[in-house]
Amino acid sequence: RSVFGAAGSRFAARQSMANRGRVRLSETVYQACISHALTTEREEVLGLLLGHAEGPSLVDIFASLTLRRMDKRPDRCEISPEQLVEATQAAEHLSELLGRTTRV
């Protein structure tokens, strides 16, 4: 508990978040995310990002997977277990190709 009360706690939380690092998103992944969002603008969108942690302060996102919606209601998104397994397999394949650990 901070001696400065709630304001001190908020400051400590901001400092903690600032020290966590950065996420680098490739231009291709960014464009894929924007395109996906714009083509389904009236519905929630669903996808997974694949990348690699480069030390404790940088995550490099270099691939994305657009997923199929399990629930057809426009305000709901669910991932099937099969899609999650496929994403994990894609990450393992990329790990072998690139020679570095790829995570979902």
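As shown above, the structure is provided for reference.
**Topic: the sheet that holds strand 1 (residues 22-25)**
And step 1. Taken in spatial order, the three strands of this open sheet run 1-3-2, and their pairing is mixed. A strand with exactly one partner marks an edge of an open sheet, and here the two such strands are strand 1 and strand 2 (47-53). Adjacent strand axes in the sheet meet at a mean angle of 35° when their direction is disregarded.
And step 2. Its contacts with the sheet place helix 2 (residues 27-39) against strand 1, strand 2 and strand 3 (58-66), and it is angled at close to 45° to strand 3.
And step 3. Against the sheet, helix 3 (residues 81-98) engages strand 2 and strand 3, with an angle of about 30° to strand 2.

**Describing a nonpolar patch on the surface**
And step 1. Taken together, the side chains of Leu25, Tyr30, Ile34, Leu38 and Leu49 make up a nonpolar region of the molecular surface, amounting to roughly 440 Å² of accessible area.
And step 2. In terms of residue count, the dominant contributor to the nonpolar patch is helix 2 (three residues).
And step 3. Following the sequence through the fold, Leu49 ends up in strand 2.
And step 4. For Leu49, a relative accessible area of 37% translates into the label partly exposed.

**Thoughts on the pairing of strand 3**
And step 1. Pairing geometry for strand 1 and strand 3, over four bridges, is parallel. By the bridge assignment, Leu25 is partnered in strand 3 with Ile61.
And step 2. Of the strand pairs in this sheet, strand 2 and strand 3 are connected by seven bridges, and their pairing is antiparallel. By the bridge assignment for strand 3, Gly47 is matched with Thr66.

**Describing the environment of Arg73**
And step 1. Within the secondary structure, Arg73 sits in the loop between strand 3 and helix 3.
And step 2. Distance in space between the C-alpha atoms of Arg73 and Glu43 is 8.2 Å, their sequence separation being 30 residues.

Quick notes on the rules
- Residues numbered from 1 in each chain as written.
- Predicted model: local features only at pLDDT ≥ 70, side-chain atom pairs only at ≥ 80, totals over all residues.
- Heavy atoms only, no water.
- Pairing = 2+ DSSP bridges.
- Helix = DSSP H or I, 4+ residues; strand = E, 2+ residues; numbered from the N terminus.
- Axes fitted to C-alpha atoms, helices over the stretch in contact; angles between N-to-C directions.
- Contact = heavy atoms within 4.5 Å.
- Patch = residues over 30% accessible without salt bridge, like charges linked within 9 Å, V, L, I, M, F, W, Y side chains within 5 Å.
- Areas by Shrake-Rupley, 256 points an atom, 1.4 Å probe, with all protein chains shown as cover.
- Salt bridge = Lys/Arg side-chain N within 4 Å of Asp/Glu carboxyl O.
- Buried < 20%, exposed > 50% of the residue type's maximum accessible area, 1.4 Å probe, protein only.

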